[in-house]
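Overview (structure and organization)
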Amino acid sequence: MDPHSLYNSRLEERRARVAVEQNRHIQIGNARLALGIAGAVIGWQAFVNHAWSGWLLLLPLAGLITLIILHERVVRARRLAERAATFYERGLARLEDRWAGTGEPGERFRSADHVYADDFDLFGKGSLFELLSQARTRDGEATLANWLMHPASPEVVQERQQAVAELREATDLREAVFVLGEDARDAVKTEDLVKWAETPVQMPLSIRPAAWVLSALSAGAFAIWQLFGLLPVFAVALVAVGGFGLWLRLRVLQVISHVDEAVHDLGLLKSLLQRMEALPVQSPRLRALQQRLATDGHSASRQIARLHRLAELLDSRDNVAMRVIGPPLLYGTHLAFAVEQWRVQVGPHVRNWLSVLGEFEAL
């Protein structure tokens, strides 16, 4: 199928999907309204007329919670379908030569001192960059701009052309990168992530085993107190754990605050990397890029997922239960050690992974 027919066909499919999700959105909205009215009626009958049991309110409440969860999924599915439709609309605009002014002009890459950028209209409205760039992350845009502004050897150019020829057939991949990358552009702060990953560690990792010993001591002492009533044993354990925690408190807080600043929506970054890693490739350039995403036998997406999980666990410290049982078990301290261990093992590779992702997008 030629590109024009393929894009038209897929655009109709994506628009149909948008319509389906919009229908679901309306239906769920009506259902929520009906459950709200039902809840009001039950509440009136239960607490004003005293005719019904107040426990009946649990039924519409459970229904509302379920519909809220479904509604969020439907809204996201509709948003993704709308972005997919935009991907094909922009593709058709390029094919029909009506693309000027509809894409990213790349003005931030313009340099008055560059030898040929202005002469060849590399950047700005209707520029070569706007025509070529389908990148949805900052790294992808920066890579493409760098290629346009700096020469490469014939061998490198040929490798890129081979990779482009292969990726040209990967329509699903290009759609997925466009759709996912729209969130990543604003949510994933790659500069902050790289800076954080390469900063020297704050925690003394050599004493990490001591933290595990003290946590085990605290849990064991609590069990002894509950089984045998020996409160002094638990009190001594709490003093030991508390002293250790206070000694490391400033470092732990520093680690946690820096993670909060640098790590945002890593699930998006993981999804983009997974797409790149799973792509069956043949060209030397693409194979070399995929190899750079493997670190010590672990994929980049798996390592990013691991960091994402640690960030979620750090957020769980705000849970009421964790506020009670967390300090005696050194919960936050263990997480800080785990984050610092991740930076030691993986941090030096983050810049390379983002560079690979940027080149994939530029290609």
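See the structure above.
The structure presented is a predicted model; accordingly, all values stated were derived computationally and were not measured.

Thresholds, definitions, all that
- Residues numbered from 1 in each chain as written.
- Predicted model: local features only at pLDDT ≥ 70, side-chain atom pairs only at ≥ 80, totals over all residues.
- Heavy atoms only, no water.
- Helix = DSSP H or I, 4+ residues; strand = E, 2+ residues; numbered from the N terminus.
- Rg over C-alpha atoms; globule rule 2.2 N^0.38 Å.
- Buried < 20%, exposed > 50% of the residue type's maximum accessible area, 1.4 Å probe, protein only.
- Contact = heavy atoms within 4.5 Å.
- Polar contact = N/O pair within 3.5 Å; in protein donor to acceptor, adjacent residues only side chain to side chain.

On to the overall build of the protein chain. For the protein chain, the count of helices and strands is 15 helices and two strands. Relative to a compact globule of 363 residues, whose C-alpha radius of gyration would be 21 Å, the protein chain shows 27 Å and is clearly more extended. For the protein chain, the spread of C-alpha atoms along the three principal axes comes to 80 × 65 × 40 Å. When burial is assessed residue by residue, the protein chain has 39% of its 363 residues classed as buried. Nonlocal contacts in the protein chain, meaning residues at least 24 apart in sequence, comprise 78% of its contacts between residues at least 6 apart.

Attention shifts here to the side chain of E359. Looking at the element boundaries, E359 is found in helix α15 (residues 350-362). A polar contact is formed between the side chain of E359 and the side chain of R285, at a distance of 2.6 Å.

Phi is positive for D97, which is not a glycine, with a value near 60°. The residue D97 is located in the loop between α2 (58-95) and α3 (128-132) in this model. A positive phi angle, near 50°, is found at D121, a position not held by glycine. Residue D121 is classed as partly exposed on the basis of its relative accessible area, which comes to 48%.

We now examine the environment of L61. Relative to the assigned elements, L61 resides in helix α2. Residues L61 and A38 lie 23 residues apart in sequence; the distance between their C-alpha atoms is 9.9 Å.

With that settled, consider the environment of I207. Along the polypeptide, I207 turns up in the loop between α7 (190-197) and α8 (208-228). For the pair formed by I207 and F337, sequence separation is 130 residues and the distance between their alpha carbons is 9.5 Å. What I207 contacts, discounting residues up to four positions off in sequence, is F244, W247, L248 and F337.

Any functional reading would require information beyond the geometric quantities listed.
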